[in-house]
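The chain contents come next:
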Amino acid sequence: MRTQVGIVGAGPAGLMLSHLLHLEGIESVVLESRSRDAVEATLRAGVLEQGTVDLLNATGVGTRMQREGAVHHGIELRFGGRGHRIDLSALTGGKAITLYAQHEVLKDLIAARLAAQGTILFEAQDASLHDLDGSAPSIRFQIAGTGQTVHCDFIAGCDGFHGVSRLSIPESRRTEYSRVYPFGWFGILTRAPPSSPELIYTHHERGFALVSTRSPDIQRLYFQCDPRDTVDGWSDARIWEEFRARLATHDGWLPREGPITQKNIVAMRSFVCEPLRHGRLFLAGDAAHIVPPTGAKGLNLAVADVRVLSRALIAFYREGRQDLLDRYSETALARVWRAEHFSWWMTSMLHQFPGKDPFQERLQLAELRYVTTSRPKATTLAENYVGLPLE
Ligand code: RFL
Ligand code: PHB
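Rules of the game
Residues numbered from 1 in each chain as written. Chains lettered and ligands numbered in written order. Predicted model: local features only at pLDDT ≥ 70, side-chain atom pairs only at ≥ 80, totals over all residues. Heavy atoms only, no water. Near = heavy atom within 4 Å. Polar contact = N/O pair within 3.5 Å; in protein donor to acceptor, adjacent residues only side chain to side chain. Areas by Shrake-Rupley, 256 points an atom, 1.4 Å probe, with all protein chains shown as cover. Helix = DSSP H or I, 4+ residues; strand = E, 2+ residues; numbered from the N terminus. Expected span 1.5 Å × (residues − 1). Core = buried A, V, L, I, M, F, W, Y, C linked by side-chain atoms within 4.5 Å. Buried < 20%, exposed > 50% of the residue type's maximum accessible area, 1.4 Å probe, protein only. Contact = heavy atoms within 4.5 Å. Phe/Tyr/Trp six-rings, centres within 6.5 Å; stacked < 30°, edge-to-face > 60°. Lys NZ or Arg CZ within 6 Å of the ring centre and 35° of its normal.

A. View of the site of ligand 1. Within the structure, ligand 1 sits among 30 residues, and Glu32, Ala45, Gln102, Asp286 and Leu299 are positioned closest to it. Within the side chain of Arg44, one N or O atom sits 3.0 Å away from an oxygen atom of ligand 1. Contact between ligand 1 and Gly46: an oxygen atom at 3.2 Å from a main-chain N or O atom of the residue. If ligand 1 stood free it would expose 1,000 Å²; the protein chains cover 87% of that surface. Elements with a contribution of two residues or more to the shell around ligand 1: helix 1 (12–23) and helix 8 (298–319).

What follows is the structure, given as structure tokens:
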């Protein structure tokens, strides 16, 4: 098989890249190790930045998001038993976020690629990348036990944190930066009406808690847990008790409870691999960097990476230009590190750290009070949260 761009991974990065290239007449083949059903059912992110929403709309894949997504103009920071609203739109010249689940974005992208006769090879196992240093790289893989090869001009490594692409760069040619946090997030889905019209990020002495939403009848909530916890250790009654304790306000607000339909635990880390390019291989999304979910940046960063990468590939195929490809890593990394800082800052301000002393607690509260009373500081949060401009 021969194509222009071989893409490993059908997550937000890989599928969006394939879609953007297709709109400019550039062919790609997407290889995905999981089944289509598994990809379309995996629960992950929920918050889309304004720029991500604009891109989905501008490229013809935003129709269902416009119908089913919920636009939010603010978020709440809750501490000391009180809520404090950050008016995202007022602070950013009218920008907002949209709540629309990542797997719904993926369903829309997969449908668009298949409708345009695009090639997505699901259940492609044992992918390996070859000849990255030359001008004719290739990807070998197996489908149903049969070995196949995609020959291409470029490879986009969009296969997430546990993929093969990053590891295909020799260790001596990459540098990895990382922080592992001493806590995880326990996430639930519950069948209940929304507890709040906007997301609530809570700092509490028992630990962080987050109230998010998926639809008028399904809500997504998280609380900070021990990273060694297992979902079986938490009964529904104990989970709700924890949410009530952390989220309660002085005026009697409590979350709306319902049957819990799903539970999972998310590890928290910050990670960046530099550079994002090795010869003809370009890394994008979680394959190259991870942020803790506190800033809701991961999916949005993946989309921003492939926007930059697609422009570079388009300039190469249209005008024979190499310069944007040469600058891809540097351009994308500037945004990546900004998001790394924002996500680390939000995480540090809102969570309880083991062994924390009262001095640290006072610093966190001072920061929260500042963010919720100073317009410039609130603007810093707001402009990062809704997403900084691409350039
Ligand atoms: P993905 O989504 O991990 O997709 C990679 C795909 O590659 C496949 N793959 C392979 N395919 C072929 N061969 C191989 N060897 C392969 N190895 C892996 C995988 O099966 C998969 O389908 O990476 P991508 O595209 O870079 O997208 C990144 C985002 O998924 C991720 O950053 C976000 O989900 C992070 N995140 C959030 N981001 C946001 O922007 N807003 C949020 O509100 C938000 N909330 C979250 C989150 C992540 C969470 N978890 C579970 C880590 C909330 C949570 C709980
Ligand atoms: C979610 O709805 O899953 C979600 C929302 C905000 C975050 C992280 C996850 O910061």
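What follows continues from the structure just given.
B. Quick look at helix 11 (residues 375–386). The terminal C-alpha atoms of helix 11 lie 16 Å apart, and with 12 residues this matches the ideal 16 Å at 1.5 Å per residue to within 8%. The N-cap residue of helix 11 is Ser374: its side-chain oxygen and the backbone nitrogen of Lys377 are 3.1 Å apart. A positive phi of about 105° marks Gly387, the residue just after helix 11.

C. Region of the structure containing the nonpolar core. Counting 71 residues, the largest nonpolar core has Met16, Leu17, Leu31, Leu48, Ile155, Leu313 and Tyr328 as the members making the most contacts within it. Residue contributions to this core peak at 11 residues, all from helix 8. Look past the residues within four positions of Leu17 in its chain and what remains in contact with it is Ile7, Ala156, Val306, Leu309, Ser310 and Leu313.

D. How the structure looks around the packing of aromatic side chains. For the structure on display, the rule yields 19 aromatic pairs. Between Phe316 and Tyr317, the aromatic rings sit 5.2 Å apart at their centres with planes inclined by 85°, giving edge-to-face as the arrangement. Overall, Phe316 belongs to the buried group, its relative accessible area being 18%. On the basis of an interplanar angle of 40° and a centroid distance of 6.1 Å, the ring pair of Phe342 and Trp345 is categorised as tilted. Of the two residues, Phe342 and Trp345 both sit in helix 9 (residues 323–350), three residues apart, roughly one turn of that helix. Every member of this aromatic cluster is reached through a ring pair, and the members are Phe154, Phe282, Phe316, Tyr317 and Tyr328. The side chain of Arg78 reaches across the aromatic face of Trp253, ending 4.1 Å from its centre. Just above the ring of Tyr385 sits the side chain of Lys297; from NZ or CZ to the centre is 5.8 Å.

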